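An overview of the molecular structure
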Amino acid sequence: MLHKIVQFIRSTFHEPTEFIPLHDPRFIGNEKQYLNECIDSNFVSSVGEFVGRFEKICAEYTGAKYAVAAMNGTSALHIALLMAGVKSTDEVITQPLTFIATANAISYTGASPLFIDVDRETMGLSPSRMEEFLEANAIMKDDGYCYDKVTGKRISACIPMHTFGHPVKLKELVAVCNKYNIALIEDAAESIGSVYRGKQTGTFGKMGIFSFNGNKIITSGGGGMIVTDDETVAKHAKHITTQAKVPHKWEFVHDEIGYNYRLTNINAALGCAQMESLPKFIQLKRELAEKYRAFFDGSEYIFFPEPEGCCSNYWLNAVLAKDREHRDELLAHTNSNGVMTRPIWRLMNELPMFMNCRCGNLENSGWFEERVVNIPSSAIIQGYHKN
């Protein structure tokens, strides 16, 4: 079976001998034109027309009222947490099965991650597990906020992550957050273009963030975006991502602690062109996912499908092995034969800096950690060659 998997992936990507990466960017539109326009204008840093254009395109595409560009998804998440009022004495709920940026951004605020298990159907934060934990361990106080009865810390925010582009159970999660007055911030770093019940991910909470890193479905080289329907939040986010500088013709005046998180014009130029191709990329990636689903049907590996009621961008395709031994056999064989595959992340609560954080029952997260393998997921475009 391992040999057949390598053969199938090679034939699917039309690469009989070359190395096949896990995920490569594709440049099929106006990338070079926009980059040249940016260079010709001399505005290649944080000032220039493409930053505003990129924000407008992202807001219109997602249906959010406002979008604020940032240098990467992690900085966007950091700012979103600050905009949600997260303090250093707080706890923030998230899942242990996530890329480390989610937990790191929480730590940047001084707050502590509180790890809640994922659902088997989504690989994302479980609303039922979250509610079970809060019913047993939290109390609502007179100030209207939810507090952890063990640590005494306020639980101020919740960050679900849409794993590999698959939306979490947002309807139920919104209900739990509303019940306990917990700010919902979607880590949609991997899920731009994914739809939950007819609505784009990233737009269900107080804020959502996207990543445009080089390995994402579209890329601006490096870049992130905050989306929100709150005008006050959007204006404040833009202010502090540009060093909290007060506009003036010549004076340097800053009115609060700010951050050098503004996206550059040259990155935004690339992002604008990539956004124009996003619908095509999603179509191609969904076609690839269907090929994988059909190939693995009836085999010892289970292809992980989009959750019910969702339309996933299938950023990274994943299969489930029956245990860690079989997972490692697949990883070893594919990587030894020039096909890049990767396991899912080590659980955050197993890392030294997060070992002492509060956790719920994490059996589903551990189950996935033992079994998930990501397989090559680049959009397949006939005749496409990297320059």
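The following refers to the structure shown. (Residues numbered from 1 in each chain as written. Predicted model: local features only at pLDDT ≥ 70, side-chain atom pairs only at ≥ 80, totals over all residues. Heavy atoms only, no water.)

The buried fraction of strand 10 (residues 207-211) is high, at five of five residues. The side-chain alternation of strand 10 yields two buried faces, one formed by Met207, Ile209 and Ser211 and the other by Gly208 and Phe210. By the bridge criterion, three bridges tie strand 7 (residues 183-187) to strand 10 in an arrangement that is parallel. For Ile185, the partnering residue across the bridge sits in strand 10 and is Met207. (Buried < 20%, exposed > 50% of the residue type's maximum accessible area, 1.4 Å probe, protein only. Helix = DSSP H or I, 4+ residues; strand = E, 2+ residues; numbered from the N terminus. Pairing = 2+ DSSP bridges.)

Moving on: unusual backbone geometry. One non-glycine residue, Asn42, adopts positive backbone phi at about 75°. With respect to the helices, strands and loops of the structure, Asn42 is situated in the loop between helix 2 (31-41) and helix 3 (49-62). A residue is classified by how much of its surface remains accessible, and Asn42, at 67% relative accessible area, is exposed. Phi is positive for Arg197, which is not a glycine, with a value near 50°.

What follows concerns the sheet that holds strand 12 (residues 302-303). Remark on secondary structure: sheet strands pair via backbone hydrogen bonds, oriented parallel or antiparallel. If you walk across this open sheet you meet the four strands as 12-14-17-15, and the pairing is antiparallel. Single-partner strands in this sheet number two, and they are strand 12 and strand 15 (342-343).

Residues Glu91 and Ile93 line one face of strand 2 (residues 91-94) and the alternating positions Val92 and Thr94 line the opposite face, and both faces are buried. Two strands pair when backbone bridges link them, and strand 2 and strand 6 (residues 155-159) are joined in this way by four bridges, in the parallel orientation. Note that in strand 6 the partner of Glu91 across the bridge is Ile155.

We now examine the environment of Glu369. Positionally, Glu369 belongs in helix 11 (residues 363-371). When its relative accessible area of 6% is taken as the criterion, Glu369 is described as buried. Distance in space between the C-alpha atoms of Glu369 and Arg346 is 6.7 Å, their sequence separation being 23 residues. Excluding its chain neighbours within four sequence positions, the residues that come into contact with Glu369 are Arg324, Arg327, Ile344, Trp345, Arg346, Leu347 and Glu350. (Contact = heavy atoms within 4.5 Å.)

Looking now at the pattern of salt bridges. In total, this model carries 18 salt bridges according to the counting rule given. Residue Glu370 is joined to Arg324 by a salt bridge in which the shortest nitrogen-to-oxygen separation is 3.2 Å. Here Glu370, found in helix 11, pairs with Arg324, found in helix 10 (residues 324-336); they are 46 residues apart in sequence, far enough to count as distant. Exposure remark for Glu370: the relative accessible area of 28% places this residue in the partly exposed category. (Salt bridge = Lys/Arg side-chain N within 4 Å of Asp/Glu carboxyl O.)

Let us look at the sheet that holds strand 7. Pairing is mixed across the open sheet formed by eight strands, whose spatial order is 1-11-10-7-6-2-3-16. The open sheet has two free edges, formed respectively by strand 1 (66-70) and strand 16 (358-359), since each of these has just one partner strand. Together, strand 1, strand 10 and strand 11 (224-228) form the strand contacts of helix 3, whose direction differs from that of strand 1 by roughly 135°. (Axes fitted to C-alpha atoms, helices over the stretch in contact; angles between N-to-C directions.)

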